[in-house]
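# Structural overview for review
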Amino acid sequence: MPPKLIRKTVLGSTPETTRGARCCLTGDPKGKNFLYVNGKSVFIRDIENPVICDVYNEHQYATTYAKYTPSGFYIASSDKSGKVRIWDTVNKEHVLYKEYQPISGAIRDIAFTEDSKRMIVVGEGRDKYGAAFLVDTGTSVGAIDSLTKTAISCDIRQCRPYRAVVGSDAFKVNFYQGPPFKFHSKHERHAGFVHCVRFSTNGALFASASSDKTCYLYDGATGEFKRGLAGDAQPHDGGIYCVSWSPDSTQLLTSSGDRTVKIWDVETGQAVTTFKMGDDKINDQQVACLWQNKYLLTLSLNGNISYLDPDNPSKPIRIIKGHQKAVKSIAATEDKSKVYAGSYDGITNLWDIDTGEAIAVEGSDKPSLLSQISYCEKKLSTCGIDDVSRTVEDGSFHDTSCKLDSQPQGIVRGAGNLAIVAGIEKITVVRNDQKVSVLDVPFKATSVDLHPNQSEVAVGAEDGTMYIYTLASDTLTPKTSFKAIEGEIVRCRYSPDGEYLVGGSTGKFVELWKVQDDYKPVGHVDYRHYTKVHDVAWSPDSRHYASTSMDGSVYIWDVNETAPLIQEKAVHGRSETNSVQWVSENTIVTGGGNCCLVVSDVEY
């Protein structure tokens, strides 16, 4: 059999969130999974064991919402262009069933009738803000009209007679009868955006929640106003972004910008449990919630998904952490059981390969925008476009950091608290978070690596030239240079045994040089990626190396072969594959633009 790459595990991203808006967090009617969106992807995670993660990657534009049909056999997902894709949940390939474009702007919410035959979408359309149509044909089943501004939320009563409700940023709650759905009445009690409207499970009531800190209840069949939660008082001290009903319709879960989540007794209108989710005024705002069987989930603005425990409101049962932005760089620990991953927004997480759990690297001095990370001797070094090198130890950033003289493009960490930073016209040697020497160079350095014996440093340049320096007493001395690759050298890596140096470029090339033979190139056939190379990495035995590309592909190479052994496309769906690390001779971890890590087995 030919060599191949086999996907083993997806270490999922966390949901994409927007401050001041409700975000997507929806459940499986069968009670097994929950959904959220990030970038162009839809994530399906097992609610009991969220490490089990599946990703749908077929949208061309950024996704906005996803929801199961009541039958549980299909998922409808929408994007910013106004398209809705309906695809099956049974097959691993998630075969597309139907695709429609009901409105001409971003879709904000989706609802189905209980027989899964009719659906409503609302959003930011130009000529209209909502549509009702048949799932099988796309034929209209009414008009979601009388909307003067963007519709934010919608829902359909899950029993006959069907009713629909829509909340908008015109501060209105519109009520519709049908099908065919037609406008019946409106409520203008809210003084802010109506972020969420939801019918109770039994259809007796529906709730509307607003940025004005209020939540009201209405009759599910007639649309008549009933009462507000908390009586004349405000249920929360901040805007309410989402509500979710208990399975028996007797309680309501609300999430708010005041950093709390509350369980309400619907009959009395009083809060029975309050969950305080943190002290960060921004990141701990709660922008979505989900009550699915015995599980109560809430989503923070920073992307964390918390499992709530009504018996112990002070502490979540579990917190799912991950990345909200593209993963830019990965570094494996010495025992290869864990990897650090840094996303370009400055978030760094430590991932356990076996359990799939992520631990966030804490600390007050976090990078703003991250370029690269490197690990050695139980410490991690990071650099970013804020022109600072930082060190991570014991799960947090050091209070001290090293201010650099130019913007860093790459970093490598060595033994003895050593770090080499390559930047614009400067190469900096850092030890113990202090600059010990700075070498001025007449070029823009774009990548750097340190020979395993720490005697030499390779620096790749923007013009495709490779510069080799000797390192002695923390000082760099030029040794040799050669025109290496067409295009900017994005990444260069020495093999663990020190015999080879590999580099990848924006010119799509991956080249190999023999270190002991004065960096003589090891001949490849004219074979390259289809788009620019993003990263290269070596297997622990120094025989194989991997390269990743902007087109999402991963190539596996053998030092004794002139062409790649494996060419795997679309490892991260429609997103680029930014980084790669080997965690064994037969396993790699890649990080991509879909904010995920993918663990894959290499089968030779």
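Here, the structure is the one placed above.
Structure report, in brief. This one's a predicted model, so the numbers in the text were calculated from it and none came from an experiment. (Residues numbered from 1 in each chain as written. Predicted model: local features only at pLDDT ≥ 70, side-chain atom pairs only at ≥ 80, totals over all residues. Heavy atoms only, no water.)

## Re the overall build of the protein chain
Note the threshold: Where helices and strands are cited, they refer to DSSP runs of H or I of at least four residues and of E of at least two residues respectively, numbered from the N terminus. Atoms considered for the radius of gyration are the C-alpha atoms alone. The globule rule reads 2.2 Å times the number of residues to the power 0.38. Relative accessibility decides the category of a residue: with a 1.4 Å probe and only protein chains considered, values under 20% of the type maximum give buried, values over 50% give exposed, and everything between is partly exposed. Contacts are assigned to residue pairs with any non-hydrogen atoms lying within 4.5 Å of each other. Here the Shrake-Rupley method, with its probe set to 1.4 Å, supplies the accessible areas, and only the displayed protein chains count as covering residues.
Looking only at helices and strands, one finds 0 helices and 54 strands in the protein chain. The C-alpha radius of gyration of the protein chain comes to 27 Å, within 12% of the 25 Å expected for a compact globule of 604 residues. Overall size of the protein chain, expressed as C-alpha extent along the three principal axes, is 85 × 50 × 40 Å. In the protein chain, which comprises 604 residues, the share counted as buried stands at 59%. Once local pairs closer than 6 in sequence are excluded, the contacts in the protein chain between residues at least 24 apart make up 45%. By element, 46% of the accessible surface of the protein chain is carried by carbon and sulfur atoms, the whole surface being about 23,300 Å².

## Overview of the packing of aromatic side chains
Note the following rule: Aromatic rings from Phe, Tyr and Trp, taking only the six-membered ring of Trp, are treated as a pair when their centres fall within 6.5 Å; an angle between ring planes under 30 degrees marks them as stacked, one over 60 as edge-to-face, and anything in between as tilted.
Counted by the stated rule, this structure contains 22 aromatic pairs. Each ring, one from tyrosine 100 and one from phenylalanine 133, has its centre 5.4 Å from the other, and the planes form 65°; the classification is edge-to-face. With a gap of 33 residues between them, tyrosine 100 in strand β9 (residues 96-100) and phenylalanine 133 in strand β12 (residues 130-134) connect regions that are remote in the sequence. Comparing tyrosine 100 with phenylalanine 133, the two get one shared label, buried. Judged by centre distance (6.0 Å) and plane angle (25°), the rings of tyrosine 500 and tryptophan 538 are stacked. On the criterion of sequence distance, the pair formed by tyrosine 500 in strand β45 (residues 500-505) and tryptophan 538 in strand β48 (residues 533-538) is long-range, its members being 38 residues apart.

## Considering the side chain of aspartate 212
The test is simple: Neither His nor the chain ends contribute to the count of charged residues, in which Lys and Arg are positive and Asp and Glu negative. We define a salt bridge as a contact between a side-chain nitrogen of Lys or Arg and a carboxyl oxygen of Asp or Glu at a distance within 4 Å. N or O atoms closer than or at 3.5 Å make up a polar contact, with two conditions inside protein: a donor-capable atom paired with an acceptor-capable one, and, for residues adjacent in sequence, both atoms drawn from side chains.
By the element assignment, aspartate 212 lies in the loop between β18 (205-210) and β19 (215-219). Although aspartate 212 lies buried, it forms no salt bridge, and the closest oppositely charged side chain, lysine 213, sits 9.1 Å away as judged by the N-O distance. Among the polar contacts made by the side chain of aspartate 212, one reaches the side chain of histidine 190 at a distance of 3.5 Å. Within the local environment of aspartate 212, its side chain forms a polar contact with the backbone nitrogen of alanine 191, the two atoms lying 2.7 Å apart. Not counting the four nearest positions on each side in its chain, aspartate 212 is found in contact with Arg189, His190, Ala191, Gly192 and Gln234.

## Regarding the sheet that holds β45
Let me state the cut-off plainly: What makes two strands pair is DSSP finding at least two bridges between them. Helix axes are fitted to C-alpha atoms over the stretch in contact, other axes to C-alpha atoms as well, and angles between N-to-C directions run from 0 to 180 degrees.
Strand order across the open sheet formed by 4 strands is β44-β45-β46-β47, with antiparallel pairing between neighbours. The open sheet has two edge strands, β44 (489-494) and β47 (520-522), and neither has a second partner. Across the sheet, the axes of successive neighbouring strands diverge by a mean angle of 30°, strand direction being ignored.

## Some points on the pattern of salt bridges
This model, assessed by the stated rule, comprises 25 salt bridges. As a salt-bridge pair, arginine 108 and glutamate 124 come within 3.0 Å of each other at their nearest N and O atoms. Of this pair, arginine 108 sits in strand β10 (residues 107-112) while glutamate 124 sits in the loop between β11 (118-123) and β12, and the two are 16 residues apart along the sequence. One salt bridge connects arginine 118 with aspartate 115, and the closest N-O pair in it is separated by 3.0 Å. Take aspartate 115: its relative accessible area is 24%, and that puts it in the partly exposed class. Three or more residues joined by partner-sharing salt bridges are found here, namely Arg22, Asp109 and Arg198.

## Some thoughts on the sheet that holds strand β53 (residues 587-592)
In spatial order, the strands read β1-β54-β53-β52; together these 4 strands make up an open sheet with antiparallel pairing. This sheet does not close on itself; its edge strands, each paired only once, are β1 (4-11) and β52 (577-584). Going from strand to strand, the sheet's axes swing by 25° on average, the running direction of each strand aside. Sheet topology places β53 next to strand β54 (residues 597-603); 5 bridges connect them, and they run antiparallel. Directly across from glycine 591, in β54, lies its bridge partner leucine 597.

## Considerations on the pairing of strand β7 (residues 74-79)
The element β7 is extensively covered by neighbouring structure, given that 5 of its 6 residues are classed as buried. Here strand β6 (residues 63-68) runs beside β7; their pairing, made up of 5 bridges, is antiparallel. Opposite tyrosine 68, over in β7, you have isoleucine 75 as the bridge partner. Remark: 5 residues form the turn of the hairpin made by β6 and β7, two consecutive strands paired antiparallel; glycine 72 in that turn has positive phi of roughly 85°.

## Concerning the state of the cysteines
Simply put, disulfide is the name for a covalent bond between the sulfur atoms of two cysteines. We apply this condition: The disulfide criterion used throughout: a pair of cysteine sulfur atoms within 2.5 Å.
By the definition in use, this model includes 0 disulfides. Cysteine cysteine 215 shares no disulfide, and the gap to the nearest cysteine sulfur, in cysteine 196, comes to 8.5 Å. Free cysteine cysteine 492: the closest other cysteine sulfur is in cysteine 383, separated by 13 Å. The buried category is assigned to cysteine 492, whose relative accessible area is 0%.

## Observations concerning the pairing of strand β5 (residues 53-56)
Successive residues of a regular strand alternate their side chains across the two faces of the sheet. Bridge count for strand β4 (residues 41-46) against β5 is 4 bridges, and the pairing is antiparallel. From the neighbouring strand, valine 42 faces β5, where its bridge partner is tyrosine 56. The turn joining β4 and β5, which pair antiparallel and follow one another in sequence, is formed by 6 residues.

## Things to note about the environment of serine 168
Positionally, serine 168 belongs in strand β14 (residues 163-168). Considering only alpha carbons, one finds serine 168 and alanine 472, 304 residues apart in sequence, at a separation of 66 Å. Excluding residues that lie within four positions of it along the chain, serine 168 makes contacts with Leu147, Lys149, Thr150, Ala151, Ile152, Phe193 and Val194.

## Things to note about the side chain of threonine 64
Note that threonine 64 resides in strand β6. By relative accessible area, threonine 64 is classed as buried at 18%. Within the structure, threonine 64 has its side chain in polar contact with the side chain of serine 78 (distance 2.8 Å). A distance of 2.6 Å separates a polar side-chain atom of threonine 64 from the backbone oxygen of isoleucine 107. Residues in contact with threonine 64, not counting those within four places in the same chain, are Cys24, Val37, Ser78, Asp79, Lys80, Ala106 and Ile107.

## Side note on unusual backbone geometry
A cis geometry characterises the amide bond from arginine 160 onward to proline 161, with omega recorded as -5°. Examined against the element boundaries, proline 161 turns out to sit in the loop between β13 (151-156) and β14. Here the residue pair glycine 178 and proline 179 is connected by a cis peptide bond, since its omega of 0° sits within 30 degrees of zero. Of note, serine 116 is a non-glycine position whose phi angle comes to about 65°, a positive value.

By themselves, these are just geometric observations and shouldn't be taken as functional.
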